[in-house]
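An overview of the molecular structure
Spelled out, the chains give:
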Amino acid sequence: MGRFTNESSIITPYKRHDAQGQPPMPYTPYQSTLKRSPSQPLIYLPHTLSEITGPVYGHGEIGETDNDLTRQHKEQPQGERIIVTGHVLDSNSRPVPNTLVEIWQANAAGRYLHVKDQHPAPLDPNFSGAGRTMTDENGAYRFITIKPGAYPWFNHYNAWRPAHIHFSIFGRAFLSRLVTQMYFPGDPLFAHDPIYQSIPDEKARERMIAKFDIETTQPQWALGYRFDVVIRGPVATPFET
Ligand SMILES: [Fe+2]
């Protein structure tokens, strides 16, 4: 595959994913994938200039507290305050600057502010669970939030999701968008979670786990976690199914 030139830069096509680093579709233990998986094999399209460079999203109106989920209401939310930070990288390990990173998550009790989540855990009037930010010129992003709780779901008997934060990263162009989940180290629910277990390669699975980081941790205030995301290529952070 050659390289494409536009007015301002040389654009390199994406490297393809490693199949063992991504969940198969469908993945029988995760029942919802049976309904939403393609029934025919995927067709790989060649990368042309339009897939690699566009569309270009504007920065939109990102508000002052969009990257701080603990300051979006009158009071502080309940739960353990955390800092989540890292870099967004492309398939050539280059930082991806000025890209939109969005997160959504359950509250500290494991409840989403969503009509479909009616399990018996409290909502928090001071926590919406949604945030967004742009990466800086070095591809770095940073959120302040609270650690989400584990929550039950209906996939199988006694099914519980490990605590996680959902991430969407737009990357350089439409085809590079990544939607994934960030987990916390040492969660005892990993072994029982078909979404986490759907990734065949154990090393790829571990790329979805944030690292506790004492340097990011702030005294008397918040624990820090680092979560670097690779949006494409053989060492990409796995997609969620
Ligand atoms: Fe979730």
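Anything mentioned here points back to the structure above.
Below you will find a few notes about this structure.

Analysis parameters
Residues numbered from 1 in each chain as written. Predicted model: local features only at pLDDT ≥ 70, side-chain atom pairs only at ≥ 80, totals over all residues. Heavy atoms only, no water. Salt bridge = Lys/Arg side-chain N within 4 Å of Asp/Glu carboxyl O. Helix = DSSP H or I, 4+ residues; strand = E, 2+ residues; numbered from the N terminus. Buried < 20%, exposed > 50% of the residue type's maximum accessible area, 1.4 Å probe, protein only. Pairing = 2+ DSSP bridges. Axes fitted to C-alpha atoms, helices over the stretch in contact; angles between N-to-C directions. Contact = heavy atoms within 4.5 Å. Lys, Arg positive; Asp, Glu negative; His and termini not counted. Polar contact = N/O pair within 3.5 Å; in protein donor to acceptor, adjacent residues only side chain to side chain. Donors = N, O, S within 2.8 Å, 3.2 Å for Na, K, Ca; no water. Tetrahedral: all angles 85-135°; square planar, octahedral: opposite > 155°, others 65-115°.

One pass over the structure, following the stated rule, counts five salt bridges. For Asp 66, the salt bridge is made with Arg 132, and the minimal N-O distance between the two is 3.0 Å. Taken together, the residues span a long stretch of sequence, with Asp 66 in the loop between helix 2 (49-53) and strand 3 (81-89) and Arg 132 in strand 5 (residues 130-134) at a distance of 66 residues. Exposure remark for Arg 132: the relative accessible area of 28% places this residue in the partly exposed category. Salt-bridge contacts for Asp 68 lead to Arg 71; the nearest nitrogen and oxygen are separated by 2.8 Å. For Arg 71, a relative accessible area of 41% corresponds to the partly exposed category. A single salt-bridge network, built from bridges that share partners, covers Glu 64, Asp 68 and Arg 71.

Here four strands make up an open sheet; going across it, the order is 5-4-9-10 and the pairing antiparallel. The outermost strands of the open sheet, each flanked by one partner alone, are strand 5 and strand 10 (178-183). Strand-to-strand, the axes of this sheet are offset by a mean angle of 20°, without reference to chain direction. In this sheet, strand 9 (residues 164-169) lies alongside strand 4 (residues 100-104) in antiparallel orientation, the contact comprising four bridges. Following the sheet pairing, Glu 102 is matched in strand 9 by Ser 168.

Quick look at unusual backbone geometry now. A cis geometry characterises the amide bond from Met 25 onward to Pro 26, with omega recorded as -5°. Relative to the assigned elements, Pro 26 resides in the loop between strand 2 (10-11) and helix 1 (32-36). In this structure, Ser 93 takes a positive phi of about 60° despite not being glycine. Note that Ser 93 resides in the loop between strand 3 and strand 4. With a phi angle near 55°, Asn 98 is a residue other than glycine that sits in the positive phi range. Residue class for Asn 98 comes out partly exposed when judged on its relative accessible area of 47%.

The subject of this paragraph is the environment of Arg 16. Among the structural elements, Arg 16 can be located in the loop between strand 2 and helix 1. For Arg 16, a relative accessible area of 40% corresponds to the partly exposed category. Expressed as a C-alpha distance, the spacing of Arg 16 and Ile 83, which sit 67 residues apart in the sequence, is 32 Å. Those residues within four positions of Arg 16 in sequence are excluded, and the remaining contacts are Tyr 44, Leu 45, His 47, Gly 233 and Pro 234.

Moving on: the side chain of Asp 187. Mapping Asp 187 onto the fold places it in the loop between strand 10 and helix 3 (194-197). No salt bridge is formed by the buried Asp 187. Its closest oppositely charged neighbour is Lys 147, at 6.6 Å. One polar contact links the side chain of Asp 187 to the main-chain amide nitrogen of Ala 163, over a distance of 3.2 Å. Looking at Asp 187, its side chain comes within polar contact range of the main-chain nitrogen of Leu 189, at 2.9 Å.

Protein coordination of the iron ion is provided by Tyr 112 (OH), Tyr 151 (OH), His 164 (NE2) and His 166 (NE2), with donor distances spanning 1.9 to 2.2 Å. Seen from the iron ion, its four donor atoms lie at angles of 90 to 159°, and the figure they make is irregular. When the donor residues of the iron ion are listed from N- to C-terminus, their spacing reads Y-x38-Y-x12-H-x1-H. Residue Tyr 112 is located in the loop between strand 4 and strand 5, and its partner Tyr 151 is located in strand 7 (residues 151-153); the two are separated by 39 residues in the primary sequence. Across this residue pair, the class does not change: Tyr 112 and Tyr 151 are buried.

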